[in-house]
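Architecture at a glance
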Amino acid sequence: MECNGCEFRPELYYDDQYQIWVRIEDDGSLAVGMTDISQTIAGKILHVRVRRPGTLRPAGKPVATVESGKWAGPVPNLFDCTIDRANHEVLDNPALLNMQPYDAWIARVRPAKTTEEALAVLVTGEAAYAGYCERCRRDDIQCKRRNN
Amino acid sequence: MAGQRYLDNEEKSVIIVMTSGPSTPHRCATPFYMAAILASMDADVKIFFTMEGVKLCQKGVPENLTAMAGGKTIIEFMRDAKAAGARFYLCRPALPGYEMEVANVIDEVDEVSSGGVLADLILSCDKTLFF
């Protein structure tokens, strides 16, 4: 699925600005990554730094920072969690976030409460698709993928 | 430290005093870029616009200013900093010298303040940066 060339995956969970996606992993952790919208706005990503594993992150405190040549900002966090681990492939090659935004997770976190409670603050499925497309239209975002 | 992969800094407060303005556009993007990074690292970031920096808060100025030919506009850098959590303070005493009025400042400004507020901010913060 896509809007304005921006890929959307209905099985993932999103914040209401569609900056990040969240996926339930087999080990019970939650993977966090950037959406196609976010990687497009950022441009070629040059640096990613993740909060040290074991760090408690309350809702509102970012799990990571991302820098490109023209953009810098947080990877937002919407629920209380602990950083489980970072994706070292992404730390070594941040451009993976541009090339494969939905495969290149940034961090895995463990929610402080239940997974269901953590995901309750996110949107998914058809509702998320409608919001995602609205964001693309409202901000006139045309997604581009980079190959390196 | 340079090249650190993990973030484990403590929360700090940072004041960025922005004195550069449209006469030196190449000095007008980096402060907001740094503000966005610092705010993303849990720093409490406040940007205080004074001297020529106040011109960046005049409607129509940052929207039409770039630090490099063909680059992002300064208002986009300012909005990135705001989105990351930075707050903007505008120096009221500096406005008359640039023929500016409060009614004509951009919506991104959080507070129009006296010089005393800047003094308080500097004395109470962990780090101060001047651009």
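Scroll up to find the structure.
This write-up is about the structure you can find in this document. (Residues numbered from 1 in each chain as written. Chains lettered and ligands numbered in written order. Predicted model: local features only at pLDDT ≥ 70, side-chain atom pairs only at ≥ 80, totals over all residues. Heavy atoms only, no water.)

**What to know about the packing of helix H1 (residues 30-40) of chain B against helix H2 (residues 74-84) of chain B**
All names here are of chain B. Where H1 contacts H2, the axes come no closer than 8 Å and their chain directions differ by 15°. Comparing their axes, H2 and H1 come out roughly parallel. Handedness of the H1/H2 crossing: left-handed. Along its contact with H1, which presents Phe 32, Tyr 33, Ala 35, Ala 36, Ala 39 and Ser 40, the element H2 presents Ile 74, Phe 77, Met 78, Asp 80, Ala 81 and Ala 84. Here the residues of the contact of H1 with H2 are counted per class, giving ten nonpolar, one polar and one charged. (Axes fitted to C-alpha atoms, helices over the stretch in contact; angles between N-to-C directions. Helix = DSSP H or I, 4+ residues; strand = E, 2+ residues; numbered from the N terminus. Parallel < 35°, antiparallel > 145°, perpendicular 65-115°, else oblique. Left-handed = near helix turned anticlockwise from the far one by under 90°. Contact = heavy atoms within 4.5 Å. Nonpolar A, V, L, I, M, F, W, Y, C, P; charged D, E, K, R; others polar.)

**What to know about the nonpolar core**
Judged by nonpolar contacts, the single largest core of 46 residues is most densely connected at Phe 32, Val 45, Ile 47, Phe 49, Leu 56 and Met 78 of chain B. For this core, the secondary structure elements donating two or more residues are strand E2 (13-18), H1, strand E3 (44-49), H2, strand E4 (87-91) and helix H3 (115-124) of chain B. At seven residues, the largest contribution of residues to this core is made by H1 of chain B. Apart from residues lying up to four places away in sequence, Met 78 of chain B is in contact with Phe 32, Phe 49, Leu 56, Cys 57, Pro 62, Phe 88 and Ile 106 of chain B. Of all hydrophobic cores here, the second largest spans 30 residues; its members include Leu 30, Ala 42, Ile 45 and Ala 104 of chain A. (Core = buried A, V, L, I, M, F, W, Y, C linked by side-chain atoms within 4.5 Å. Buried < 20%, exposed > 50% of the residue type's maximum accessible area, 1.4 Å probe, protein only.)

**Notes on the side chain of Thr 40 of chain A**
All names here are of chain A. On the secondary structure map, Thr 40 appears in helix H1 (residues 36-42). There is a polar contact of 3.3 Å between the side chain of Thr 40 and the backbone nitrogen of Lys 144. For Thr 40, the residues in contact, after removing those within four places along its chain, are Gln 142, Cys 143 and Lys 144. (Polar contact = N/O pair within 3.5 Å; in protein donor to acceptor, adjacent residues only side chain to side chain.)

**A few points about the packing of aromatic side chains**
Applying the stated criterion across every chain yields a total of ten aromatic pairs over all chains. Note on Phe 8 of chain A and Tyr 14 of chain A: the rings are 5.0 Å apart at their centroids and 20° apart in plane angle, and the pair reads as stacked. Given the relative accessible area of 1%, Phe 8 of chain A is considered buried. What makes Tyr 14 of chain A buried here is its relative accessible area of 0%. When the centroid spacing of 5.9 Å and the interplanar angle of 25° are considered together, the rings of Phe 32 of chain B and Phe 49 of chain B count as stacked. Linking Phe 32 of chain B in helix H1 with Phe 49 of chain B in strand E3, this pair joins segments that are 17 residues apart in sequence. For the pair shown, Phe 32 of chain B and Phe 49 of chain B are each scored as buried. Here a set of aromatic residues connected by ring pairs shows up, and it is made of Phe 8, Tyr 14, Tyr 18, Tyr 129 and Tyr 132 of chain A. Positioned above the aromatic ring of Phe 77 of chain B is the side chain of Lys 72 of chain B, whose terminal nitrogen or guanidinium carbon lies 4.4 Å from the ring centre. (Phe/Tyr/Trp six-rings, centres within 6.5 Å; stacked < 30°, edge-to-face > 60°. Lys NZ or Arg CZ within 6 Å of the ring centre and 35° of its normal.)

**A short note on the pattern of salt bridges**
Residue and element names in this part refer to chain A. Using the criterion set out here, one finds 20 salt bridges over all chains in the structure. With its nearest N and O atoms 2.8 Å apart, the salt bridge here joins Glu 7 to Arg 9. Of the residues examined, Glu 7 reaches a relative accessible area of 22% and is grouped as partly exposed. Look at Arg 9 and you get partly exposed, because its relative accessible area is 23%. Residue Arg 137 pairs with Glu 134 through a salt bridge whose shortest N-O separation is 3.9 Å. With a gap of three residues between them, Arg 137 and Glu 134 both fall in helix H5 (residues 125-138), about one helical turn apart. For Glu 134, a relative accessible area of 37% translates into the label partly exposed. (Salt bridge = Lys/Arg side-chain N within 4 Å of Asp/Glu carboxyl O.)

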